[in-house]
Amino acid sequence: MLSAMMKEHQARQQQHRELQEKRRKDAITAATAVTQALGENLNSGVSQAYLNQKKLDAEAKQLQTQAATYAKKTLQWLAVVEGFNQALKEIGDVENWARSIESDMRIISTALEYVYKDEASKPPGM
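Parameters at a glance
- Residues numbered from 1 in each chain as written.
- Predicted model: local features only at pLDDT ≥ 70, side-chain atom pairs only at ≥ 80, totals over all residues.
- Heavy atoms only, no water.
- Helix = DSSP H or I, 4+ residues; strand = E, 2+ residues; numbered from the N terminus.
- Rg over C-alpha atoms; globule rule 2.2 N^0.38 Å.
- Areas by Shrake-Rupley, 256 points an atom, 1.4 Å probe, with all protein chains shown as cover.
- Buried < 20%, exposed > 50% of the residue type's maximum accessible area, 1.4 Å probe, protein only.
- Polar contact = N/O pair within 3.5 Å; in protein donor to acceptor, adjacent residues only side chain to side chain.
- Salt bridge = Lys/Arg side-chain N within 4 Å of Asp/Glu carboxyl O.

(A) Up close: the overall build of the protein. If you tally the helices and strands in the protein, you get one helix and zero strands. Relative to the globule expectation of 14 Å for 126 residues, the C-alpha radius of gyration of the protein, 53 Å, shows a markedly less compact shape. Principal-axis analysis of the C-alpha atoms places the extent of the protein at approximately 180 × 15 × 10 Å. Surface exposure of the protein reaches about 11,800 Å², of which carbon and sulfur atoms provide 62%.

Written out as structure tokens, the structure is:
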């Protein structure tokens with residue numbers, strides 16, 4: 001009887017160990033699956049962040065190139081406007097010069113008219 005109880009106890013212990021081993025393997029399998037799922041999820045997020053960063057870097061380079069082109073064109077336009085402004089100043093200078101010459105010519109014309117009238121009003125031979 002004691003021997004039967006001992007065998008029965010050992011059989012239950014063996015079943016209990018097998019059940020514990022099965023549970024341990026199931027727990028390891030579940031933990032591995034969770035770890036793998038978390039890793040894939042994390043890798044997916046990191047991968048997406050990397051792709052977004054690459055896009056941002058490309059857009060930043062493109063923006064920098066466009067800004068440099070814009071700055072160059074702005075300088076060219078400034079040079080054109082400065083040239084145009086200088087041409088307008090020169091036209092203004094020519095216009096002032098023409099007015100000055102016209103004024104001088106009127107003064108000379110008026111002086112010549114006075115001289116002519118004075119000469120015409122004198123008797124001949126004088």
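(B) View of the environment of Arg24. Tracing the backbone shows Arg24 in helix 1 (residues 2–121). Accessibility expressed as a relative area gives 42% for Arg24, which makes it partly exposed. Remark: the alpha-carbon pair of Arg24 and Glu8, spanning 16 residues in sequence, is separated by 24 Å. Of note is the side chain of Arg24, whose polar atom sits 2.5 Å from the side chain of Glu21.

(C) Structural view of the pattern of salt bridges. Considering all chains together, one arrives at five salt bridges under this definition. With its nearest N and O atoms 2.5 Å apart, the salt bridge here joins Glu21 to Arg24. A residue pair is termed a helical-turn pair when its members lie 3 or 4 positions apart in one helix, as Glu21 and Arg24 do in helix 1 at three residues. Among the salt bridges present, the one from Arg106 reaches Glu102, with a minimum N-O distance of 2.7 Å. Of the two residues, Arg106 and Glu102 both sit in helix 1, four residues apart, roughly one turn of that helix. Under the relative-accessibility criterion, Arg106 is labelled exposed at 55%. Residue Glu102 is classed as partly exposed on the basis of its relative accessible area, which comes to 41%.

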